[in-house]
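Here are the chains, one letter per residue:
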Amino acid sequence: MNALNSFHQTIVENDVTKARQLLSDSARILEGGNIETKEQYLSHHFHSDGKFLSAMNQEVDSQTITFKDNTAWVSTQTHTWGTYNDRKLDLNSLELAVLQKIDGSWKLSALHWSSASRN
């Protein structure tokens, strides 16, 4: 989905303005054992996620998109590898994104990320 791909790009580019437009006002981001609101995420984890993703390589292993009315669920499994903070990482990364069509545009309303070592 274009909105989800664009959001990933905003993280790498550290573009808070564009990210704010792509997230719904009620968005919730689940990451690292926490649940954050849109503003909490954009003021904190967004920046560290961008540094991390900019340093890593990623390849999508699988992706499933399901639509029902004005809602879409995107499940993605990604191989993420590289060196970050002097640590070599080889991860299986999972993402579940829920998007809603609001006023004719797709907005992210929920994101859940998790990763585990592939070793």
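Whatever comes next refers back to the structure up there.
Just so it is clear, the model here is predicted, and its values are computed rather than measured.

**A short note on the packing of aromatic side chains**
Overall, the coordinates contain four aromatic pairs when judged by the stated rule. Between the aromatic rings of Tyr-41 and Phe-46, the centroid separation amounts to 5.9 Å while the plane-to-plane angle is 85°, which identifies the pairing as edge-to-face. Like Tyr-41, the residue Phe-46 is buried in the burial classification. For the ring pair Phe-52 and Tyr-84, a centre distance of 5.2 Å and an interplane angle of 80° mean the geometry is edge-to-face. Of this pair, Phe-52 sits in helix H4 (residues 45-55) while Tyr-84 sits in strand S4 (residues 71-84), and the two are 32 residues apart along the sequence. For Phe-52, a relative accessible area of 21% corresponds to the partly exposed category.

**Some points on unusual backbone geometry**
The phi angle at Asn-85 is positive, at roughly 50°, despite the residue not being glycine. Mapped onto the fold, Asn-85 is located in the loop between S4 and strand S5 (87-102). On the accessibility criterion, Asn-85 (59% relative accessible area) is exposed. Phi angles above zero are rare outside glycine, and Asp-103 is one such case at about 50°. For Asp-103, the position within the fold is in the loop between S5 and strand S6 (105-117).

Conventions used here
Residues numbered from 1 in each chain as written. Predicted model: local features only at pLDDT ≥ 70, side-chain atom pairs only at ≥ 80, totals over all residues. Heavy atoms only, no water. Phe/Tyr/Trp six-rings, centres within 6.5 Å; stacked < 30°, edge-to-face > 60°. Buried < 20%, exposed > 50% of the residue type's maximum accessible area, 1.4 Å probe, protein only. Helix = DSSP H or I, 4+ residues; strand = E, 2+ residues; numbered from the N terminus.

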